[in-house]
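Here is what each chain is made of, one letter per residue.
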Amino acid sequence: MNFREDDLTKYGLVATLAIAAALPFLSDSMFLLNLLVLMLIFIIFASAWNLLAFSGQGSLGHAAFFGIGAYASTLIAVHSGISPFITIFLGAAVAAFIGILIGLTCVRLKEWFLAMVTFGFAIIVQTLTVSVLAPVTGGWDGIASPRLISPAIPGYQLIEYYAVLAITIASLIAIWYIMKSRIGLAFLAIRENELEARTAGVDPVRYRLLAFALSAFLAGIAGALQIHHIGYLTPELYGVDNSFWPITYVILGGLGTLAGPVIGTIVLTVIWEGLKTTGLTFGRYVIVGLILILTIIFLPKGLVNLPERIRTWREGRRKKGVGGDRV
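Colleague: Is there a simple way to explain the overall build of the protein in this structure?
Modeller: When helices and strands are counted, the protein shows 14 helices and 2 strands. For the protein, the C-alpha radius of gyration of 21 Å lies close to 20 Å, the compact-globule estimate for 327 residues. Along the first, second and third principal axes, the C-alpha set of the protein runs to 80 × 55 × 35 Å. Within the protein, the proportion of its 327 residues that are buried is 46%. Taking contacts inside the protein between residues at least 6 apart in sequence as the whole, the part at least 24 apart equals 77%. Total accessible area on the protein is roughly 16,400 Å²; 70% of this is exposed by carbon and sulfur atoms. One way to put it: in the protein the 22 positive side-chain charges average out to a point 8 Å from where the 17 negative ones average out.

Colleague: Is there a simple way to explain the pattern of salt bridges in this structure?
Modeller: Pairs can form between side chains of opposite charge whenever their charged atoms are close. Going through the model one piece at a time under the given rule, you end up with 6 salt bridges. For the salt bridge of Glu-194 with Arg-198, the shortest nitrogen-to-oxygen distance reads 3.3 Å. Residue Glu-194 and its partner Arg-198 are both found in helix 9 (residues 194–199); the two are separated by 4 residues, about one turn of the helix. With a relative accessible area of 17%, Glu-194 lands in the buried category. The exposure class of Arg-198 is partly exposed, given its relative accessible area of 42%. Each of the salt bridges in this network shares a partner with another, and the network as a whole consists of Glu-194, Arg-198 and Arg-208.

Colleague: Honestly, the packing of aromatic side chains in this entry has me stumped. Any pointers?
Modeller: Any aromatic ring pair is given by two values, namely how distant the centres are and how the planes are angled relative to each other. Inspection of the entire model under this criterion finds 13 aromatic pairs. Note on Phe-42 and Tyr-249: the rings are 6.2 Å apart at their centroids and 80° apart in plane angle, and the pair reads as edge-to-face. Taken as a pair, Phe-42 in helix 2 (residues 30–54) and Tyr-249 in helix 11 (residues 240–253) lie far apart in primary sequence, 207 residues in all. Residue Phe-42 is classed as buried on the basis of its relative accessible area of 11%. Owing to a relative accessible area of 8%, Tyr-249 belongs among the buried residues under this scheme. Taking 5.9 Å as the distance between ring centres and 35° as the angle between the ring planes, the aromatic pair formed by Phe-65 and Phe-121 counts as tilted. Of this pair, Phe-65 sits in helix 3 (residues 63–80) while Phe-121 sits in helix 5 (residues 111–130), and the two are 56 residues apart along the sequence. Exposure remark for Phe-65: the relative accessible area of 0% places this residue in the buried category. The buried category is assigned to Phe-121, whose relative accessible area is 15%. Put simply, the rings of Phe-42, Phe-45, Phe-66, Trp-245, Tyr-249, Trp-272 and Tyr-285 pair up and form one aromatic cluster.

Colleague: Help me understand the environment of Arg-311, please; the structure alone is not making it clear to me.
Modeller: Tracing the chain through its elements places Arg-311 in helix 14 (residues 306–326). Within the structure, Arg-311 has its side chain in polar contact with the side chain of Glu-308 (distance 2.2 Å).

Colleague: Would you mind showing me how to read helix 12 (residues 260–276) here?
Modeller: Quick reminder: α-helices carry 3.6 residues per turn. Residues three or four places apart thus point the same way. Here helix 12 spans 24 Å end to end across 17 residues, near enough to the 24 Å set by a 1.5 Å rise per residue. What helix 12 keeps buried is the set Gly-260, Pro-261, Val-262, Gly-264, Thr-265, Leu-268, Thr-269, Trp-272, Glu-273 and Leu-275.

Colleague: Which parts of the structure should I look at to understand helix 2?
Modeller: End to end, helix 2 covers 36 Å across 25 residues, agreeing with the expected 36 Å (1.5 Å per residue, within 8%). The buried count for helix 2 comes to 20 of 25 residues, which makes it a mostly enclosed element. Backbone nitrogen of Phe-31 and a side-chain oxygen of the N-cap are separated by 3.3 Å at the start of helix 2; the cap is Ser-29. Gly-56 occupies a position one or two residues after helix 2 and carries a positive phi of about 90°.

Colleague: Would you take a moment to explain the packing of helix 3 against helix 4 (residues 84–106) for this structure?
Modeller: A pair of packed helices is characterised by two quantities: the angle between their axes and the separation of those axes. For the pair helix 3 and helix 4, the least separation of the axes is 7 Å and the interaxial angle reads 135°. By the criterion of interaxial angle, the relationship of helix 3 to helix 4 is oblique. Here the hand of the crossing between helix 3 and helix 4 comes out right-handed. Judged by residue contacts, Phe-65, Ile-68, Gly-69, Ala-72, Ser-73, Ile-76 and Ala-77 of helix 3 engage Thr-87, Ile-88, Leu-90, Gly-91, Ala-92, Val-94, Ala-95, Ile-98 and Gly-99 from helix 4. Among the residues making up the contact of helix 3 with helix 4, the classes are represented as 11 nonpolar, 5 polar and no charged.

The rules behind each value
Residues numbered from 1 in each chain as written. Predicted model: local features only at pLDDT ≥ 70, side-chain atom pairs only at ≥ 80, totals over all residues. Heavy atoms only, no water. Helix = DSSP H or I, 4+ residues; strand = E, 2+ residues; numbered from the N terminus. Rg over C-alpha atoms; globule rule 2.2 N^0.38 Å. Buried < 20%, exposed > 50% of the residue type's maximum accessible area, 1.4 Å probe, protein only. Contact = heavy atoms within 4.5 Å. Areas by Shrake-Rupley, 256 points an atom, 1.4 Å probe, with all protein chains shown as cover. Lys, Arg positive; Asp, Glu negative; His and termini not counted. Charge placed at Lys NZ, Arg CZ, Asp CG, Glu CD. Salt bridge = Lys/Arg side-chain N within 4 Å of Asp/Glu carboxyl O. Phe/Tyr/Trp six-rings, centres within 6.5 Å; stacked < 30°, edge-to-face > 60°. Polar contact = N/O pair within 3.5 Å; in protein donor to acceptor, adjacent residues only side chain to side chain. Expected span 1.5 Å × (residues − 1). Axes fitted to C-alpha atoms, helices over the stretch in contact; angles between N-to-C directions. Parallel < 35°, antiparallel > 145°, perpendicular 65-115°, else oblique. Left-handed = near helix turned anticlockwise from the far one by under 90°. Nonpolar A, V, L, I, M, F, W, Y, C, P; charged D, E, K, R; others polar.

Following this line, the structure appears as structure tokens:
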């Protein structure tokens, strides 16, 4: 990544976050505020998946860690009375621990073999939640979850929004630091060429396990935030759609970049909600699928690369024009 791209990403993210901080003052719509909270939560979730992909690993079942974080946080909060602001991170720690256990058994697998294992794991976790663990989890009926901010507090929706925004910003800063650190360089080396990484003294197994744990932790935070925002928890959290949405956001925005998950989540959420107002149901999935296909074909590096592509196109036209004048 050259300086201009890095600079664009940095200032673009700052501008986006500044807009996010100002939006609640531009509208008093509770629907918009709720949508913004969910968008921020999925930015964390998509960024968690992206961090795993940054290390050269794939997951088709990240909803497992999303749900584990939610259930662990809720159960700890319900049975201990601890504030959700604390149990969110305790639930995420449980998700990370489970992620390490999964990683220990299959971290040596390559890319999509690992992805299929995580997909199967999400199905297993959902099955256990509605069967063996039903007395604790409430089965398909689910259980109530303590709200992040009590509805008894005046303006609790606004307070909750800024709390989620703060956690989102902290998560993005942490991911940026990881990507720029020696750990991020090790992730990148493993992704690009595992043999050369080993030659340079990088242990692929150890760093892949670390990436798995960090990604599961962030996914657990996102899951816990969503459930404490909604106030009710069901096994539908483990659904296939919750595993594929973050992948879609990341591919659309830009795989392996800090801004990619942010851009992809915002753009696709706006498109999805806009299509919903037209009354489309299944048609929305078709349109989103077409957008994703076109992005992969014409913008394989995602929307984050669009300014660079436009700049290259304009320079090419300018050079062509100069060449034509000389002729």
